[in-house]
Amino acid sequence: MKNNIRIFAIDDSPFKFSDKETYAVGVICRIPTYIEGVNIFSVDVDGNDSTEKIIEVVNQSRFKENIKAIIINGVALAGFNVVDIASIYTKTNIPVVTVSRKIPDMPNIKETLGKKFTDWIDKWYLIEKNEIHILERGTHKLSYSYIGIEKKNAELLIEKSIYKGNYPEALRIAHIIASAIKKGESKGKA
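What counts as what
- Throughout, residues of each chain are indexed from 1 in the direction in which the sequence is written.
- Local features in this predicted model are restricted to residues of pLDDT 70 or higher, and side-chain atom pairs are both shown and tallied only at a pLDDT of 80 or more, whereas totals for entire chains, interfaces and linings draw on every residue.
- Here the side-chain values reflect all heavy atoms present in the structure, with hydrogen atoms and water set aside.
- To obtain an axis, a line is fitted to C-alpha atoms, over the contacting stretch when the element is a helix, and the angle between two such axes runs from 0 to 180 degrees between their N-to-C directions.
- The way it works is that DSSP assigns letters per residue, a run of H or I at least four long becomes a helix, a run of E at least two long becomes a strand, and they are numbered from the N terminus.
- Under this scheme an angle from 65 to 115 degrees is roughly perpendicular, one under 35 degrees roughly parallel, and one over 145 degrees roughly antiparallel; angles in between are oblique.
- Crossing handedness is read from the near helix: turned anticlockwise from the far helix by less than a right angle, it gives a left-handed crossing, and turned clockwise, a right-handed one.
- The contact criterion used throughout is that any non-hydrogen atoms of two residues lie within 4.5 Å.
- Under the convention adopted here, Pro, Cys and the residues Ala, Val, Leu, Ile, Met, Phe, Trp and Tyr are nonpolar, Asp, Glu, Lys and Arg are charged, and Gly plus all remaining residues are polar.
- When a carboxyl oxygen of Asp or Glu lies within 4 Å of a side-chain nitrogen of Lys or Arg, that pair is called a salt bridge.
- Residues enter a nonpolar core if they are buried and are Ala, Val, Leu, Ile, Met, Phe, Trp, Tyr or Cys, with the set joined through side-chain atoms within 4.5 Å.
- Each residue's exposure class comes from its accessible area (1.4 Å probe, protein chains only) as a fraction of the maximum for that residue type: buried when under 20%, exposed when over 50%, partly exposed otherwise.

**Remarks on the packing of helix α3 (residues 106–116) against helix α4 (residues 120–128)**
So, point 1. The contact between α3 and α4 brings their axes to 9 Å, and the two run at 160°. Judged by the inter-axis angle, α3 sits roughly antiparallel to α4. In the packing of α3 onto α4, the handedness of the crossing is right-handed. Seen from α3, the contacting residues are Met106, Ile109, Lys110, Leu113 and Gly114; seen from α4, they are Trp120, Lys123, Trp124, Ile127 and Glu128.
So, point 2. A per-class count over the contact of α3 with α4 returns six nonpolar, one polar and three charged.

Structure below.
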């Protein structure tokens, strides 16, 4: 994998479950740190539009032809607006990697979905169909899923995306921007 490849990193804004929608921010970055652009779009809280919104934003980006990977903070935006990474890959022809600081508690996620949503089986399917991998970085662990890229290259992409700390820099920046848009000042970790 070449150095300085261009990625599209996506995170969502803080929200309340009573909110109808919240913002998501896409940061176009030459890894690890050179920011070239920012996209802002809205997604429904606990909705079903995150996949189509991501596809639309990426496909309309002036950087699309040079984007080598899409990296998303977790498998869902705005609560349980679950992202279908296979559909994103198919409709953009760009590999997709989800990254999380936490190792998901799958039984708890399934139980929560079942209690909260009438379409929980569809949401669960999108989550469950992605194999979860663990990337150990010293005492820290990141969970990730991927499509359209080999496992070793997904791990290399994550590693090359980290500047300081233990999380991809473009996701950290997307989080900072998204938080500032919603709260007026950035707060918390991606």
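Resuming the write-up.
**Let's talk about the pattern of salt bridges**
So, point 1. Summed over all chains, the structure comprises ten salt bridges.
So, point 2. Taking the shortest distance from any N to any O, the salt bridge between Asp46 and Lys116 comes out at 2.8 Å. With a gap of 70 residues between them, Asp46 in the loop between β3 (34–44) and α1 (50–60) and Lys116 in helix α3 connect regions that are remote in the sequence.
So, point 3. Among the salt bridges present, the one from Asp84 reaches Lys129, with a minimum N-O distance of 3.2 Å. Taken as a pair, Asp84 in the loop between β6 (81–82) and α2 (85–92) and Lys129 in the loop between α4 and β8 (133–137) lie far apart in primary sequence, 45 residues in all.

**A word on the side chain of Thr51**
So, point 1. Looking at where Thr51 falls in the secondary structure, it is placed in helix α1.
So, point 2. Once residues lying within four places of it in the same chain are set aside, the contact partners of Thr51 are Val82, Val83, Asp84, Ser87 and Ile88.

**What to know about the nonpolar core**
So, point 1. Ranked by internal contacts, the top residues of the largest apolar core, which has 25 residues, are Ile7, Ile71, Val97, Val99, Leu157 and Ile158.
So, point 2. Elements that contribute at least two residues to this core include exactly β1 (6–12), β2 (21–30), β4 (67–73), β7 (96–100), β9 (140–147), α5 (151–161) and α6 (169–183).
So, point 3. Among the elements that line this core, the one with the most residues is α6, at five residues.
So, point 4. Not counting chain neighbours up to four residues away, the residues in contact with Val97 comprise Ile70, Ile71, Ile72, Tyr144, Ser145, Tyr146, Ile149, Ala154, Leu157 and Ile158.

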